[in-house]
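Examining the three-dimensional arrangement
Here is what each chain is made of, one letter per residue.
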Amino acid sequence: MREFDIAVVGAGAAGLSLAHRLAHSTARGLSVALLEPPDGPLRPPERTWCYWERGTGPWDPVLAARWDRLAVVDPAGRRLRSGIAPLAYKMLRSRDFEAHVHAGPAGGATRYRAAVTAIEDGAARATVRAVGADGAPVEIAARWVFDSRPPKPLPPARTTLLQHFRGWFVATEADAFDPGGAVLMDLRTPQPRSGVSFGYVLPLSERTALVEYTEFTRAVIDDAGYDAALRDYTGRVLGLGPFTVTASEQGAIPMTDARFRTRTGRRVFRIGAAGGATRPSTGYTFSGIQRQTAAVVRALERGAVPVPPVPHRRRHLAMDAILLRALDRGRVDGAAFFTRLFGRNGMRDVLDFLDGASALPRELAMGTTTPLLPMAATTAEHAWSAVRRIPPRAAGRDRPPAR
């Protein structure tokens, strides 16, 4: 059994971000093991991460694209365009991110292609047990273990929706896109009875783009449903004309008011989506991961116990829980809600709020632009549940099957 200072389980955005930061930290001399799933069903497919930040960032050298203008399109087709400088909306492909991390100092970590089967806590060290790609057992001990694998099942919650989507990378025969601006939400899609659906367009050139269909609902839809929705969006709504699908991606991100524990033992922690890095109201995770992993490394540099923080303020999580409840119960029309939110507030103000960078007075003013009566009723209901201490239920317990 080999011993390390740190073991990172999982090599997605969270695991690789932590390995990258450790390699660049002032806490030199730490030995790091990085356990990645072997090729096959346990290894996630290639995916795209999007986020926004001020100015330049550490991942700029490997961005697939960035935009300084965003648009939201309401159900009637009115386009709300806005420049977002000094912010920039950024797109990163997982394959480029992974290659960049492995080519840098983090490539000095000891890598294991192995499927982790157990993590056992201990007083001085934790033990990670896995099975290598060749079927041989792998056992390592580490002072600290950071587990980024998605929890199964999700923690109990009062409301859990899914942000589920399918995206096509398309190449059109004629110019069809403005590469200077992205469409954050296009609400001209058919709307579900509760929740919301929208299109999402990230142009890479005049003739290439990532076009996605997304829903915030309780249940995923089947392959035929996603393809039908994308054909409708690219045809009836966008009018793209002839195009070729060069690649596709698909996913389902839990949007939940569950409370995530980031410390699961004396030596074991959760990071990433498993550690509450996903913003419940949006499904965006990448920015939260960066704040969370930076906090872990700062703690290690101080010699403190590196408990990962949940990277969202409590009041924002409470606001998100109310919005999820209102959408899930059909109290608010999702398309109308987001139209009002973006139409009556500056784009940068909304983005700051969604990334946790806004101040309370601005948030209260923003709240007055949402549907007041249904949101007030949902706030009261949410508070009453907390006062009565009604226990949350297992996430997805009453979820209907895929439709």
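For the structure itself, look to the data block above.
Calculation notes
All residue numbers refer to positions counted from 1 along the written sequence of the respective chain. For this predicted model, a pLDDT threshold of at least 70 governs which residues receive local features, and a threshold of 80 or more governs which side-chain atom pairs are given and counted, while totals over whole chains, interfaces and linings are taken from all residues. Hydrogens and water molecules were not included; the side-chain quantities draw on all heavy atoms of the structure. Structural elements are reduced to axes, namely lines fitted to C-alpha atoms, with helices fitted over the stretch in contact, and the angle between N-to-C directions of any two is expressed from 0 to 180 degrees. Where helices and strands are cited, they refer to DSSP runs of H or I of at least four residues and of E of at least two residues respectively, numbered from the N terminus. With respect to orientation, any angle under 35 degrees is reported as roughly parallel, any angle over 145 as roughly antiparallel, any angle of 65 to 115 as roughly perpendicular, and every other angle as oblique. Crossing chirality is assigned from the near helix's rotation relative to the far helix, an anticlockwise turn below a right angle marking it left-handed and a clockwise turn marking it right-handed. Residue contacts follow a heavy-atom distance rule, with two residues in contact if any of their heavy atoms lie within 4.5 Å. Only Asp, Glu, Lys and Arg are considered charged in this grouping, and only Ala, Val, Leu, Ile, Met, Phe, Trp, Tyr, Cys and Pro are considered nonpolar; every other residue, Gly among them, is considered polar. Ring pairs are drawn from Phe, Tyr and Trp, using the six-membered ring of Trp, whenever the two centres fall within 6.5 Å, and their geometry is named by plane angle: stacked under 30 degrees, edge-to-face over 60, tilted for the rest. Burial classes follow relative accessibility: with a 1.4 Å probe on protein chains only, a residue under 20% of its type's maximum area counts as buried, one over 50% as exposed, and anything between as partly exposed. Note on pairing: two strands pair once DSSP finds at least 2 bridges between them. Taking the helix axis as origin, the arc is that swept by the directions to the C-beta atoms. Should a side-chain nitrogen of Lys or Arg be within 4 Å of a carboxyl oxygen of Asp or Glu, the pair is scored as a salt bridge. Residues adjacent in sequence count toward polar contacts only when both atoms are side-chain atoms; beyond that, a polar contact is any pair of N or O atoms within 3.5 Å, and within protein one must be able to donate a hydrogen and the other to accept it.

Moving on, we come to the packing of helix 7 (residues 347-354) against helix 8 (residues 360-367). Between helix 7 and helix 8, the shortest axis-to-axis distance is 11 Å and the interhelical angle comes to 115 degrees. Here helix 7 lies roughly perpendicular to helix 8, going by the angle between them. The way helix 7 lies across helix 8 gives a crossing that is left-handed. Packed against helix 7, whose contacting residues are Asp349, Val350 and Phe353, the element helix 8 presents Arg362, Glu363 and Met366 at the interface. In terms of residue class, the contact of helix 7 with helix 8 is made up of 3 nonpolar, no polar and 3 charged.

Our focus in this paragraph is the packing of aromatic side chains. Throughout the structure, instances matching the rule amount to 15 aromatic pairs. Ring geometry for Trp67 against Tyr89: centres 6.2 Å apart, planes inclined by 45 degrees, an arrangement best described as tilted. Of the two residues, Trp67 is situated in strand 4 (residues 65-67) and Tyr89 in strand 7 (residues 87-93); the sequence distance between them amounts to 22 residues. Each member of the pair, Trp67 together with Tyr89, is buried.

Turning our eyes to something else, we now look at the sheet that holds strand 6 (residues 79-83). Taken in spatial order, the 7 strands line up as 6-5-12-13-14-11-15 in an open sheet, and their pairing is mixed. Either end of the sheet is taken by a strand with one partner, and the two such strands are strand 6 and strand 15 (243-256). Direction aside, the axes of adjacent strands within the sheet are offset by 15 degrees on average. By the bridge criterion, 5 bridges tie strand 5 (residues 69-73) to strand 6 in an arrangement that is antiparallel. Across the sheet, the residue bridging to Arg69 is Gly83, located in strand 6. Against the sheet, helix 3 (residues 223-237) makes contact with strand 11 (160-172), strand 12 (181-186), strand 13 (196-203), strand 14 (208-217) and strand 15, and its axis sits at roughly 55 degrees relative to strand 11, the strand it touches most. Relative to the sheet, helix 7 contacts strand 5, strand 6 and strand 12, its axis offset from that of strand 5 by approximately 90 degrees.

Right, let's get into helix 2 (residues 94-103). In an α-helix, one full turn covers 3.6 residues, which means residues spaced three or four apart are oriented alike. Residues Ser94, Phe97, Val101 and His102 constitute the buried set of helix 2. Looking straight down helix 2, one finds its buried side chains confined to an arc of 125 degrees; they lie on one side. On its buried face, helix 2 sits against helix 1 (13-23), strand 2 (32-36), strand 3 (48-54), strand 7, strand 8 (110-120) and helix 4 (286-302).

Looking now at the pattern of salt bridges. Close approach of charged atoms allows side chains with opposite charge to pair. Under the criterion given, the structure shown has 33 salt bridges. Between Arg69 and Asp178 there is a salt bridge, with its nearest N and O atoms 3.0 Å apart. Pair noted here: Arg69 is in strand 5 and Asp178 is in the loop between strand 11 and strand 12, with a separation of 109 residues, a long-range link. Between Arg291 and Asp355 there is a salt bridge, with the nearest N and O atoms lying 3.4 Å from each other. On the criterion of sequence distance, the pair formed by Arg291 in helix 4 and Asp355 in the loop between helix 7 and helix 8 is long-range, its members being 64 residues apart. With a relative accessible area of 31%, Arg291 lands in the partly exposed category.

Turning to the sheet that holds strand 7, a few remarks are in order. Strand order in this open sheet of 3 strands is 3-7-4, and the pairing throughout is antiparallel. The strands lining the two open edges of the sheet, one partner per strand, are strand 3 and strand 4. Neighbour-to-neighbour, the strand axes of the sheet open up by a mean angle of 20 degrees, direction not taken into account. Summarising the sheet, strand 4 and strand 7 pair through 3 bridges and their orientation is antiparallel. Residue Ala65 lies in a different strand from strand 7, and its bridge partner there is Met91. Of the strands in this sheet, strand 3 and strand 7 are in contact with helix 4, which crosses strand 3 at around 65 degrees.

Our next topic: the pairing of strand 2. Summarising burial for strand 2: 5 of the 5 residues are buried, a large majority. Neither face of strand 2 is open: one carries Val32, Leu34 and Glu36, the other Ala33 and Leu35, and all of them are buried. Looking at chain direction, strand 1 (residues 2-9) and strand 2 are connected through 4 bridges and run parallel. If you follow Ile6 over to strand 2, its bridge partner there is Val32. Relative to strand 8, strand 2 runs parallel, the two sharing 4 bridges. Within strand 8, the residue paired with Glu36 across the bridge is Arg113.

Once that is clear, we can look at the side chain of Ser148. Positionally, Ser148 belongs in the loop between strand 10 (137-147) and strand 11. One polar contact links the side chain of Ser148 to the main-chain carbonyl oxygen of Val9, over a distance of 2.7 Å.

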